[in-house]
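One-letter residues, chain by chain:
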Amino acid sequence: PDLEGPGIVSVASSAFKLGYTPSNFWSEVCNASHRHIQSLGWDGDRLASLALHVASLEYDAEVAPNPNEEQETPPRQMRRDSVWRNDFFEVVGKAVPDQIQGFTPRAMSTLACAFQKVNIEHNHVFGLISKHAIRKAPDFQALDTVILLMAFAHFERR
């Protein structure tokens, strides 16, 4: 597919909800999103949403094989260390410093959760989220606070 602009997030969200998991599709989504993330063309909620879809897709593909299929070998699964996934989270990590001021509490907690799911402790990102979350503390709802604390606890951050 020809993926451009903020529509990438809508396409990715729909594909994720439908369980569409071909690695070549998600690789193309991630690669197409690099340019938009780097140009600061998305708000924090879009960026965090796509990051969570990419992280959850791999997590679900790894731990949830189809139990209705009998197979002699394990099901083919996306590798958690896929190059495109790592590249995507590297691009996201580099974009956060320039975009953190526009992040809502939900975007901060969602992005922290995405990094947790793929087990990438990006110290700079978590430091920025922590500082910004303290400034925005009155705006946080209970769910956002819990999600953020769970991500911090996963990496034993204080």
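Overview of the structure. (Residues numbered from 1 in each chain as written. Predicted model: local features only at pLDDT ≥ 70, side-chain atom pairs only at ≥ 80, totals over all residues. Heavy atoms only, no water.)

Let's shift gears to the packing of helix H4 (residues 83-99) against helix H6 (residues 123-135). In contact at an axis separation of 9 Å, H4 and H6 are set at 30 degrees when each is read in the N-to-C sense. Classified by the angle their axes make, H4 and H6 are roughly parallel. Relative to H6, H4 is oriented so that their crossing is left-handed. On the side of H4, the interface is formed by Gly 93, Val 96 and Pro 97, while H6 contributes His 124, Val 125 and Leu 128. (Axes fitted to C-alpha atoms, helices over the stretch in contact; angles between N-to-C directions. Helix = DSSP H or I, 4+ residues; strand = E, 2+ residues; numbered from the N terminus. Parallel < 35°, antiparallel > 145°, perpendicular 65-115°, else oblique. Left-handed = near helix turned anticlockwise from the far one by under 90°. Contact = heavy atoms within 4.5 Å.)

This part takes up unusual backbone geometry. For Asn 119, which is not a glycine, the phi torsion comes out positive at approximately 60 degrees. With respect to the secondary-structure elements, Asn 119 resides in the loop between helix H5 (105-117) and H6.

The next thing to look at is helix H1 (residues 7-17). Turning to H1, its buried residues number three or more, namely Ile 8, Val 9, Ala 12, Ser 13 and Ala 15. One face of H1 carries all of its buried residues, which in axial projection span an arc of 165 degrees. Phi turns positive one or two residues past the end of H1, at Gly 19, with a value near 75 degrees. (Buried < 20%, exposed > 50% of the residue type's maximum accessible area, 1.4 Å probe, protein only. Arc of directions from axis to C-beta.)

In a regular helix each residue adds 1.5 Å, so 13 residues correspond to 18 Å; helix H7 (residues 142-154) covers 18 Å between its end C-alpha atoms and thus fits that length. Buried within H7 are the following residues: Asp 144, Leu 148, Ala 151 and Phe 152. For H7, the arc enclosing every buried residue in end-on projection is 100 degrees, short of the 170-degree limit, so these residues lie on one face. Facing away from the buried surface of H7 by more than 90 degrees, the exposed residues are Ala 142, Leu 149, Met 150 and Ala 153. Summarising the contacts, the buried residues of H7 are in contact with H5 and H6. (Expected span 1.5 Å × (residues − 1).)

Attention now goes to the nonpolar core. Ranked by size, the top nonpolar core spans 44 residues in total, and within it Trp 26, Leu 50, Phe 88, Phe 89, Leu 111 and Ile 129 carry the most contacts. Listed by contribution, the elements that provide at least two residues to this core are H1, helix H2 (23-38), helix H3 (44-63), H4, H5, H6 and H7. Other than its neighbours up to four places away in sequence, Ile 129 contacts Ile 100, Met 108, Leu 111, Ala 112, Leu 148 and Phe 152. (Core = buried A, V, L, I, M, F, W, Y, C linked by side-chain atoms within 4.5 Å.)

Considering the arrangement of structural elements, one finds Val 54 in helix H3. Classification of Val 54 by relative accessible area gives buried; the value is 0%. For the pair formed by Val 54 and Cys 30, sequence separation is 24 residues and the distance between their alpha carbons is 8.1 Å. Apart from the residues lying within four places of it in its own chain, the contact partners of Val 54 are Trp 26, Cys 30, Trp 84, Arg 85, Phe 88 and Phe 89.

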